[in-house]
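# Structural description and commentary
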Amino acid sequence: MTGKRILAVHRYFYPDTAPYATILKNIVEEWVRKGHWVEVLSSKPSYGSFLNETEDATPNDYKITRLALKPERKKPVVRLVNAIKLCASLAKKILFSKKYDVVMISTVPPVIGAWVVAVCCKLRGTRFIYHVMDVHPEIGAISGEFKKPIVFKILSMMDRFSCRIANPIVVLSNDMKISIEEKGVSNIEVIPNFEIGSVNNDVLLPYRPKEESISILFAGNMGRFQGLEKLILALNECEIDIKKRIELIFMGEGTEKEKLASLVSEKKLSNSVVFLEPQPIEVAKRMMQVADVGFVSLVSDIYRYAYPSKVSTYLGQGLPVWAHVEADSDLAKNIECNGIGFVSDSRQQASLQDGFKTLMGLVSESKITRNRVSEYSERELSKSKILARWAQLLDKD
């Protein structure tokens with residue numbers, strides 16, 4: 001096999017803390033191990049100073065071009081400027097550098113990044129791999145980011161073009177695949193994410209669950225898509241003996257965190273709910289090892305356009321999953337069919353309250369074991385197996 005010349009593009013790259021920054025690093029290193037030449041186009045780590053654009057070779061023999069992009073959280077104008085700068089740089093590389101055999105981009109920046117790559121790759125005769133972590137602009141319409149009809153229509157046309165040029169489109173779940181197929185394309189691969197980070201059993205825990213409690217851990221972003229206030233309200237409606245046994249642990253940050261904390265205070269649930277700051281991945285994994293169940297939830301219809309990456313991390317630590325999602329979603333079916341947790345149907349109003357009762361029964365009867373969860377994770381989500389699929393992807397023209 002002759003090594004390919006590859007350009008991989010994303011707004012964030014290791015050592016930045018965004019999960020995809022580490023996922024992409026692992027994919028790139030796997031490609032390098034297989035004899036390919038890889039360049040990464042990204043930005044300087046978001047916690048660093050804003051120096052000039054730099055190029056540097058890493059010890060792993062791939063090149064990184066880092067752009068000086070400013071922090072953009074809650075700054076839509078800055079986000080747009082950053083997207084334009086990144087897209088201009090990648091267009092210049094694709095069109096005027098020595099020809100790449102493959103260019104891969106994910107969904108940050110959404111829509112516009114993939115469209116620029118698709119146009120340039122078509123002009124240059126270069127293969128384009130589209131790694132869709134979130135299906136846009138559909139998920140943006142739900143969040144309100146792309147709620148204006150004219151904006152949504154234009155972005156839909158752009159993304160449909162990108163999907164038709166891509167060879168292939170890579171998504172995280174069968175539900176996402178179905179949503180992409182509705183754009184009129186069929187060249188789609190389903191490759192789930194692997195868990196990131198290492199395990200260190202010697203790290204200090206920021207909090208240890210009460211020994212007599214049944215602990216439910218939510219780790220990650222507390223945003224609008226999770227609907228976490230419903231979990232707190234459901235606990236508030238539970239019988240007193242359940243409240244005494246249950247301990248909710250929210251670990252992370254997000255736009256809804258302050259509202260959730262206020263709701264806990266209002267309902268006088270401080271003895272049952274704990275909030276922790278975001279933790280390094282090694283500490284987060286250690287927390288997953290001492291909790292009883294990991295909680296994941298998505299608001300209505302989001303399962304069609306995204307797949308929560310925290311699920312693979314939960315499972316990698318042998319942590320059973322409580323998923324509050326539509327019962328016919330790919331996530332729900334996987335959990336139920338493989339016995340790695342349980343599901344409460346998000347379309348049923350009382351399902352969260354019933355979920356607390358189900359959890360207590362499963363824990364007391366030991367019906368879901370960590371060994372079973374770990375075996376599933378190793379069989380279906382191991383890092384080596386998933387990276388091997390990314391390596392094989394390059395062999396398919």
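Our structure's up above, just so we're on the same page.
If you're wondering where the values come from, they're calculated on a predicted model, not measured in any experiment. (Residues numbered from 1 in each chain as written. Predicted model: local features only at pLDDT ≥ 70, side-chain atom pairs only at ≥ 80, totals over all residues. Heavy atoms only, no water.)

### Comments concerning the overall build of the protein
Keep this limit in mind: Each helix is a run of H or I in the DSSP string that is no shorter than four residues. Each strand is a run of E no shorter than two, and both are numbered from the N terminus. With C-alpha atoms as the basis for the radius of gyration, the globule rule is written as 2.2 Å multiplied by the number of residues raised to the power 0.38. Two residues qualify as a contact provided that any one of their heavy atoms is within 4.5 Å of a heavy atom in the partner residue. Reported accessibility uses the Shrake-Rupley method at a 1.4 Å probe radius. Residues are deemed covered only where the shown protein chains occlude them. Counting rule for charge: Lys and Arg are taken as positive, Asp and Glu as negative, and neither His nor the chain ends is counted. Note on charges: their place is set at NZ of Lys, CZ of Arg, CG of Asp or CD of Glu.
Within the protein, the regular secondary structure consists of 15 helices and 14 strands. The C-alpha atoms of the protein give 22 Å as radius of gyration, which agrees with the globular expectation for 397 residues (21 Å, within 12%). The C-alpha extent of the protein, read off along each of the three principal axes, is 70 × 45 × 40 Å. Look at the contacts in the protein between residues 6 or more apart in sequence, and 73% of them connect residues 24 or more apart. Accessible surface computed for the protein: about 18,400 Å², of which carbon and sulfur atoms make up 51%. One way to put it: in the protein the 55 positive side-chain charges average out to a point 6 Å from where the 47 negative ones average out.

### Considerations on unusual backbone geometry
If a residue is not glycine, its phi is most likely negative; likewise, a peptide bond is most likely trans. So the rule is basically this: Here the term buried applies to any residue with accessible area under 20% of the maximum for its type, exposed to any over 50%, and partly exposed to those in between, with areas from a 1.4 Å probe on protein chains only.
In this structure, the amide linkage connecting valine 108 to the following residue, proline 109, adopts the cis form with an omega of 5°. Relative to the elements of secondary structure, proline 109 occurs in the loop between strand 5 (102-105) and helix 3 (112-124). Geometrically, the link from histidine 136 to proline 137 is a cis peptide bond, its omega value of 0° lying close to zero. If you trace the backbone, proline 137 turns up in the loop between strand 6 (127-131) and helix 4 (138-143). Look at valine 111: it is not a glycine, yet its phi comes out positive at around 65°. Residue placement: valine 111 occurs in the loop between strand 5 and helix 3. The exposure class of valine 111 is buried, given its relative accessible area of 1%. Backbone geometry places lysine 268, a non-glycine residue, at a positive phi of 55°. Inspection of the secondary structure assignment puts lysine 268 in the loop between helix 9 (257-266) and strand 11 (273-276).

### Section: the pairing of strand 12 (residues 293-297)
Note the cut-off: Only strands joined by at least two bridges in the DSSP assignment are considered to pair. Seen with the strands pointing away from the viewer, any crossover whose path from the first strand over the helix to the second strand runs clockwise is right-handed.
With five of its five residues buried, strand 12 lies for the most part within the structure. Of the two faces of strand 12, the one lined by Val293, Phe295 and Ser297 and the one lined by Gly294 and Val296 are each fully buried. For strand 9 (residues 214-219) and strand 12, the ladder comprises two bridges, and the chain directions are parallel. The partner of leucine 217 across the bridge, within strand 12, is glycine 294. Bridging between strand 12 and strand 13 (residues 321-325) involves four bridges; their strand directions are parallel. Within strand 13, the position partnered with glycine 294 by the bridge is valine 321. The β-α-β motif built from strand 12, the intervening helix 11 (residues 310-316) and the parallel element strand 13 has right-handed crossover chirality.

### Thoughts on the pattern of salt bridges
Test applied: Salt bridges, as used here, are contacts in which a Lys or Arg side-chain nitrogen is within 4 Å of a carboxyl oxygen on Asp or Glu.
Tallied over the entire structure, the rule returns 16 salt bridges. Here lysine 25 and glutamate 29 are joined by a salt bridge, their closest N and O atoms 2.9 Å apart. Separated by four residues within a single helix, lysine 25 and glutamate 29 lie in helix 1 (residues 19-33), roughly one turn from each other. Of the two residues examined, lysine 25 and glutamate 29, each falls in the buried class. Here the salt bridges share partners, and the residues they tie into one network are Glu39, Lys63 and Lys93.

Treat this as a map of the structure, not an account of what it does.
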